[in-house]
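Here is what each chain is made of, one letter per residue.
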Amino acid sequence: MADTNSPVSADAPDSPFRTTGTDHVTIWGSNAEDTIAFYRDLLGMPLVMRQPNLDDPSQTHLFFDTGDGRILTVFVNDERASNHDRLRTQVGGVHHLSFSIAAADFEGVMAALDDAGHGYNVFDRGIFCSLYTQDNNGLIVELAADKYDIPDDRRGEVLATAQRIREADGADFAADRHMEAALDELGIDAEPADLPDAATGAGV
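Each value, and the rule that gives it
Residues numbered from 1 in each chain as written. Predicted model: local features only at pLDDT ≥ 70, side-chain atom pairs only at ≥ 80, totals over all residues. Heavy atoms only, no water. Salt bridge = Lys/Arg side-chain N within 4 Å of Asp/Glu carboxyl O. Buried < 20%, exposed > 50% of the residue type's maximum accessible area, 1.4 Å probe, protein only. 1 Å grid on protein atoms, 1.4 Å probe; cavity = no way out; pocket = protein on both sides within 12 Å on 5 of 7 lines; lining within 4 Å. Points joined across faces, edges and corners; volume = space filled by probe spheres on them. Nonpolar A, V, L, I, M, F, W, Y, C, P; charged D, E, K, R; others polar. Helix = DSSP H or I, 4+ residues; strand = E, 2+ residues; numbered from the N terminus. Phe/Tyr/Trp six-rings, centres within 6.5 Å; stacked < 30°, edge-to-face > 60°.

A. Quick look at the pattern of salt bridges. Applying the stated criterion across every chain yields a total of 7 salt bridges. Between Asp41 and Arg40 there is a salt bridge; the shortest N-O distance is 2.6 Å. Residue Asp41 is classed as partly exposed on the basis of its relative accessible area, which comes to 48%.

B. Representation of empty space enclosed by the protein within the structure. One pass over the structure, following the stated rule, counts 1 cavity of 30 Å³ or more. Roughly 70 Å³ of volume is contained in the largest cavity. Ile127, Asp146, Lys147, Tyr148, Ile150, Arg155, Val158, Leu159 and Met179 are the residues that line the largest cavity. Of the residues belonging to the lining of the largest cavity, the class tally is 6 nonpolar, no polar and 3 charged.

C. Up close: the environment of Val48. Secondary-structure assignment places Val48 in strand E2 (residues 47–53). Measuring from C-alpha to C-alpha, the distance between Val48 and Leu186 comes to 38 Å, with 138 residues separating the pair along the chain.

D. Molecular detail of the packing of aromatic side chains. Within this structure, the stated rule accounts for 4 aromatic pairs. Ring centres of Phe38 and Tyr39 lie 4.8 Å apart, and the angle between their planes is 85 degrees; on these two criteria the pair is classed as edge-to-face. For the residue pair Phe38 and Tyr39, the accessibility class agrees, reading buried in each case. Here the aromatic rings of Phe123 and Tyr132 are separated by 6.0 Å at their centres, their planes lie at 65 degrees, and the arrangement is edge-to-face.

E. Just the layout of surface pockets, in detail. Size it by volume and the largest pocket reaches roughly 850 Å³. Lining the largest pocket are 22 residues; nearest its centre among them are Asp68, Arg70, Ser98, Ser100 and Arg155. A per-element tally of the lining of the largest pocket places strand E5 (residues 96–100) first, with 4 residues. Grouping the amino acids of the lining of the largest pocket by side-chain chemistry returns 10 nonpolar, 7 polar and 5 charged.

The structure is reproduced here in structure tokens:
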């Protein structure tokens, strides 16, 4: 049984094997038209493959490139209508999907969501700044912009270091000062992004 009080660390755990990254995430969608309108035409993800669901040929399997070669796939059937009500997540369910956006595009993304009639909320999460909206089926979609230009291969190291500094500081969550101290300790020269001021979402 895993120790729930195990320390946070970027070091590889003592496990029989280790994953090498996220290959794809698959969600249960409604129909192809609404799904493509949201993920391709609004979020800008190229539709790179469309084929039958090999486990259930009555459904179509859509493959979207999320921007870094990682894939989002969606099972759709044209007889299913979209559900615009907020989804309620049960244990084992997906609470939300998060996709990266460039910090320089943040305000443009806000404008695009406004133009498309998609409501959203903006939060400063300490380690990144996020927009939260919903897809055509009520699934929460987060669009996250990094607050610092940290190299991808060092993100885990920076977060684990910020966690240790935050705990020593007695703070409830990671804030700018913890990220800046972690970057300084690790000798990473990362420029801060120009992002809007927003609430953290912690109890507000």
